[in-house]
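Summary of structural features
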Amino acid sequence: MPELDTHADHEGAQTRKLRKDARHADPVKSEGWVFPPNFVREQLHTSPERLLVLGTSGDSMALRSRPAIASIIDTGHKSPTPDGLYAIRDTFEGIVVKRLQMVRSAQPARVKIISDNPNHATEEVQLSELEIVGKVLCYLKLL
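Anyway, here's the lowdown on the structure attached to this text. The structure presented is a predicted model; accordingly, all values stated were derived computationally and were not measured.

Attention now moves to the packing of aromatic side chains. Counted by the stated rule, this structure contains 2 aromatic pairs. Centre to centre, the rings of Trp-33 and Phe-35 are 6.1 Å apart; their planes meet at 35°, and the pair counts as tilted. The exposure class assigned to Trp-33 is partly exposed, which follows from its relative accessible area of 23%. Judged by relative accessible area, Phe-35 falls into the partly exposed class, the value being 24%. An angle of 40° between the planes, with centres 5.5 Å apart, marks the rings of Phe-35 and Phe-39 as tilted. Each residue in the set Trp-33, Phe-35 and Phe-39 is aromatic and connected to the rest through ring pairs, giving one cluster.

Spelled out as structure tokens, the structure:
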């Protein structure tokens, strides 16, 4: 599965396929990740084609322990239900991991974008304004 290169200078980097609207061509690292097929099927409940590895940086999702060094994302899961951790596009077209929570009574649908670190403010946006890359299935952390 491919790993996005979140620190690439987009010149000369390999890129994923452009989306249909040709807005994003995310740089990928030259080496991908490999997990046993039964782990992907039985533990992650998805297929390898839908998976993406995202290296993480920043402290918005760090609470008490060391931050994750990578997130495994299911790019086929683009609806913020159930509430949980999702990879989303930020204002600068980068991809960040945030906790999403649907505002159940809002019409049109609204979503809270929450950082686990209390030093980062919670945001609320209309669902139609949010680009969800996929749902976070698991983290890789160093102890």
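From this point, things continue past the structure.
Turning our eyes to something else, we now look at the side chain of Ser-115. Structurally, Ser-115 can be placed in the loop between strand E8 (110-114) and strand E9 (123-126). Only 2.7 Å separates the side chain of Ser-115 from the side chain of Lys-98, close enough to count as a polar contact.

Right, let's talk about the environment of Ile-88 for a bit. When you line up the elements, Ile-88 lands in strand E6 (residues 84-89). Take Ile-88: its relative accessible area is 3%, and that puts it in the buried class. Between the C-alpha atoms of Ile-88 and Lys-135, which are 47 residues apart in sequence, the distance is 8.9 Å. With residues up to four places along the chain from it excluded, the contact list for Ile-88 reads Gly-94, Ile-95, Val-96, Lys-98, Leu-100, Ile-113, Leu-130, Glu-131, Ile-132 and Val-133.

Scanning the model with the defined rule gives 6 salt bridges in all. A salt bridge links Lys-29 to Glu-3; the nearest nitrogen and oxygen atoms lie 3.4 Å apart. Taken as a pair, Lys-29 in the loop between strand E3 (27-28) and helix H1 (37-42) and Glu-3 in strand E1 (residues 3-4) lie far apart in primary sequence, 26 residues in all.

Criteria and thresholds
- The residue count restarts for each chain, going from 1 along the sequence in the order it is written.
- Predicted model: local features are reported for residues with pLDDT of at least 70 only, side-chain atom pairs are reported and counted for 80 or more only, and whole-chain, interface and lining totals are derived from all residues.
- Each side-chain value is worked out from all heavy atoms of the structure, with water and hydrogens disregarded.
- The pairing test for Phe, Tyr and Trp rings, Trp by its six-membered ring, is centres within 6.5 Å, and the orientation test on the planes gives stacked under 30 degrees, edge-to-face over 60, and tilted for anything in between.
- Throughout, exposure labels follow a simple rule: accessible area from a 1.4 Å probe, protein chains only, divided by the maximum for the residue type, with under 20% read as buried, over 50% as exposed, and the rest as partly exposed.
- Under the DSSP-based scheme used, a helix requires at least four consecutive residues in state H or I and a strand at least two consecutive residues in state E, with every element numbered from the N terminus.
- Any pair of N or O atoms that falls within 3.5 Å is considered a polar contact. Within protein, one atom must be able to donate a hydrogen and the other to accept it, and sequence-neighbouring residues count only if both atoms are side-chain atoms.
- Whether two residues touch is decided by their heavy atoms; if any such pair falls within 4.5 Å, the residues are in contact.
- What counts as a salt bridge is simple: a side-chain nitrogen of Lys or Arg found within 4 Å of a carboxyl oxygen of Asp or Glu.

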